[in-house]
Amino acid sequence: IKMASSFWKGVVGVGLFALAHAAFSAAQHRSYMRLTEKENETLPVDIVLQTLLSFVMTCYGIVHIAGEFKDMDASSELKNKTFDTLRNHPSFYLFNHRGRVLFRSPEEEPSSVRNQQALPNPIRLRKLEHLH
Amino acid sequence: MNTIKKYVFYCIINVRHAHSWKAHDVAMASVVKREKMASVSEMYDVGWEEMRDKLRKWREDNCRNSEQIVDVGEELISEHASKLGDDIWIIYEQVMIAALDCSRDDLALTCLQELRKQFPDSHRVKRLSGMRLEALERYDEANKHYDAILQDDPTNTAARKRKISILKAQGKGTEAIRELNEYLEQFVGDQEAWHELSELYINEHDYGKAAFCLEELMMTNPHNHLYCEQYAEVKYTQGGLENLELSRKYFAQALRLNNRNMRALFGLYMVSTSVRSMSQSVQQTG
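Fair warning: this is a prediction, and the values are worked out from it, not measured in the lab.

A. Summary view of the overall build of chain B. Helix and strand content of chain B: 17 helices and 0 strands. Relative to its full complement of 286 residues, chain B shows a buried share of 38%. When contacts within chain B are restricted to residue pairs at least 6 apart in sequence, those whose partners lie at least 24 apart make up 46%. Carbon and sulfur atoms make up 53% of the accessible area of chain B, which totals about 16,800 Å².

See the structure below:
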């Protein structure tokens, strides 16, 4: 895509240059007409053709550089949005969630294991007692 | 034959050896896993520009995938800092908040110190240091930080919102609601705050007021199907025939805005069956 975009940039550049060239030749033609006093003659066909073609080429190139078109519909760009991202309010983020413990690095695991053993009667052991 | 016996004996010894080391291996494996996964760019075969663009996309979409942000961001900061230019400061902020989520206090402190060096008197950086104190559960110090910011600049919305978050973290739901209401009286257009208030009301089971907040959001964002759908869900939860009728209308509206919204479709089905059974029972008794 990057290579393609520099191709289209080249197209836009060439189109703008051709447009400028056509404008310059039209101006030159006008001054020539004034010098030879033939002011009733219209612009030569090739200058007109060059102007139109370079305009079309520039427009086409710009459309390719401009990026993805969006739908006119205001609701369409929300079609893929979900509550996962809508519910997050960055200014109100809380940090007292279980991520503080879950993502703790493994070096700290031994201390949590010790804490578990210190609990008087963990639930799973109580369940086993019932079975007996 | 002898060599085969020796070979088999050798294998058996190794297997037994492996068993006795199993417990140690499990502990080591997590450390080794960390080292192996150290390089995101190697694992996913992406360059630093793609990593930076991914971070920007996550920032704009408000994604809270903190583990991923920390992995990608840490590598960007440590290895490609010079190529990032001025983008690095906002990446520091993003990575710091993600690091607080993942309990990576070391990384959060480094990011904060870099930001402090670059922007010594900035309110935004002070807010970040307040957030770090909140993550360490030092709420009184964090409150003092935010009060200092507000004394300096009474219109600073970020500090006020953080104070409300502290109240929420401490479990003082009603006070948080009161403060947020006062905030919204002054700053009526703050969509994030309205949505937060609706969530607080839902936690307190005050569905009428939550519906009011969602109505405000729907007024300012008429094309957003998610607000319609959440409003319809709150009305459905409130119950009663009028609320169910209203809920059905808003589920239908959400579907009109986005016909791929599965939750709204299911909600429409649920509400319609509830309304039918309710009106049937009303007919039988009345």
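B. Highlighting the overall build of chain A. A tally of regular secondary structure across chain A gives 6 helices and 0 strands. For chain A, the residues scored as buried account for 23% of the 132 residues in total. Of the contacts made within chain A by residues no fewer than 6 positions apart, 66% connect residues no fewer than 24 positions apart. With the model as given, the accessible surface of chain A reaches about 10,700 Å², and the carbon-plus-sulfur share is 62%.

C. Quick look at the interface of chain A and chain B. Each partner contributes to the interface: chain A provides 27 residues, whereas chain B provides 43 residues. Between chain A and chain B the total buried area reaches about 3,400 Å² when both faces are included, carbon and sulfur atoms providing 56% of it. Of all residues in chain A, the largest losses of buried area upon contact with chain B belong to Phe92(A), Phe95(A) and Arg100(A), amounting jointly to 23% of the total for that side. The shortest N-O distance in the salt bridge between Arg100(A) and Asp105(B) comes to 3.3 Å. Between the two partners, chain A and chain B, sit 13 residue pairs in polar contact (both at pLDDT 80 or more). Where the side of chain A that touches chain B is concerned, the elements lending two or more residues are helix H3 (83-86) and helix H4 (99-102) of chain A. Counting residues per element, the side of chain A that touches chain B draws most heavily on H3(A), at 3 residues. In the side of chain A that touches chain B, the residues fall into 11 nonpolar, 11 polar and 5 charged.

D. Expanded view of the state of the cysteines. All names here are of chain B. One pass over the full model with this rule turns up 0 disulfides over all chains. No disulfide involves Cys228; its sulfur sits 16 Å from the nearest other cysteine sulfur, which is in Cys213. We classify Cys228 as buried; its relative accessible area is 4%.

E. The arrangement of the UniProt feature "domain: EMC2 TPR-like" (unreviewed entry) in chain B in detail. The sites that UniProt annotates as "domain: EMC2 TPR-like" (unreviewed entry) are residues 126-235 of chain B. As annotated, residues 126-235 of chain B comprises 81% helix and 0% strand, and the C-alpha atoms at either end are separated by 41 Å.

F. Seen up close, a nonpolar patch on the surface. Residues and elements named next belong to chain A. Among the surface-exposed residues, Leu43, Val48 and Leu52 lie close enough to one another that they form a single nonpolar patch of about 250 Å² accessible area. Summarising the element assignment, Val48 is placed in helix H2 (residues 45-65). Accessibility expressed as a relative area gives 37% for Val48, which makes it partly exposed.

G. Representation of the confidence of the model for chain A within the structure. On average, residues of chain A carry a pLDDT of 78, and 75% of them reach 70 or more. No element of chain A has a lower mean pLDDT than helix H5 (residues 109-118) of chain A, at 48, and none a higher one than H2(A), at 91.

H. Just the UniProt feature "repeat: TPR" (unreviewed entry) in chain B, in detail. This chain's UniProt record puts "repeat: TPR" (unreviewed entry) on residues 191-224 of chain B. Between the end C-alpha atoms of residues 191-224 of chain B the distance is 13 Å, and the span holds 79% helix and 0% strand.

I. Geometry of empty space enclosed by the protein. A full pass over the atoms with the stated rule returns 1 cavity of 30 Å³ or more. Approximately 30 Å³ is the volume found for the largest cavity. Taken together, Leu94(A), Phe95(A), Asn96(A), Glu134(B), Ala135(B), Tyr139(B), Arg162(B) and Ala169(B) form the lining of the largest cavity. Listed by contribution, the elements that provide at least two residues to the lining of the largest cavity are helix H9 (123-135) and helix H11 (157-169) of chain B. Along the lines of polarity and charge, the residues of the lining of the largest cavity split into 5 nonpolar, 1 polar and 2 charged.

J. Representation of the pattern of salt bridges. All names here are of chain B. Within this structure, the stated rule accounts for 19 salt bridges over all chains. Here Lys161 makes a salt bridge to Asp190, at a shortest N to O gap of 2.9 Å. Here Lys161 is found in helix H11, whereas its partner Asp190 is found in the loop between helix H12 (173-186) and helix H13 (191-203), with 29 residues between them in sequence. Judged by its relative accessible area of 6%, Lys161 is buried.

K. Geometry of the packing of aromatic side chains. This structure, assessed with the given rule, holds 8 aromatic pairs over all chains. Aromatic side chains Trp89(B) and Tyr92(B) sit 5.8 Å apart centroid to centroid with 40° between the ring planes, which places their arrangement in the tilted category. With Trp89(B) and Tyr92(B) both in helix H7 (residues 87-101), this residue pair falls 3 residues apart, about one helical turn. With relative accessibility at 8%, the residue Tyr92(B) sits in the buried group. The structure contains a cluster of three or more aromatic residues connected by ring pairs, namely Phe7(A), Trp8(A) and Tyr60(A). The ring of Tyr93(A) carries the charged tip of Arg64(B) above its face, separated from the ring centre by 3.8 Å.

About the criteria used
- Residues numbered from 1 in each chain as written.
- Chains lettered and ligands numbered in written order.
- Predicted model: local features only at pLDDT ≥ 70, side-chain atom pairs only at ≥ 80, totals over all residues.
- Heavy atoms only, no water.
- Helix = DSSP H or I, 4+ residues; strand = E, 2+ residues; numbered from the N terminus.
- Buried < 20%, exposed > 50% of the residue type's maximum accessible area, 1.4 Å probe, protein only.
- Contact = heavy atoms within 4.5 Å.
- Areas by Shrake-Rupley, 256 points an atom, 1.4 Å probe, with all protein chains shown as cover.
- Buried area = accessible area lost by both parts, 1.4 Å probe.
- Salt bridge = Lys/Arg side-chain N within 4 Å of Asp/Glu carboxyl O.
- Polar contact = N/O pair within 3.5 Å; in protein donor to acceptor, adjacent residues only side chain to side chain.
- Nonpolar A, V, L, I, M, F, W, Y, C, P; charged D, E, K, R; others polar.
- Disulfide = S-S within 2.5 Å.
- UniProt positions renumbered as here; feature names shortened; annotations may be inferred.
- Patch = residues over 30% accessible without salt bridge, like charges linked within 9 Å, V, L, I, M, F, W, Y side chains within 5 Å.
- pLDDT = per-residue confidence, 0-100.
- 1 Å grid on protein atoms, 1.4 Å probe; cavity = no way out; pocket = protein on both sides within 12 Å on 5 of 7 lines; lining within 4 Å.
- Points joined across faces, edges and corners; volume = space filled by probe spheres on them.
- Phe/Tyr/Trp six-rings, centres within 6.5 Å; stacked < 30°, edge-to-face > 60°.
- Lys NZ or Arg CZ within 6 Å of the ring centre and 35° of its normal.

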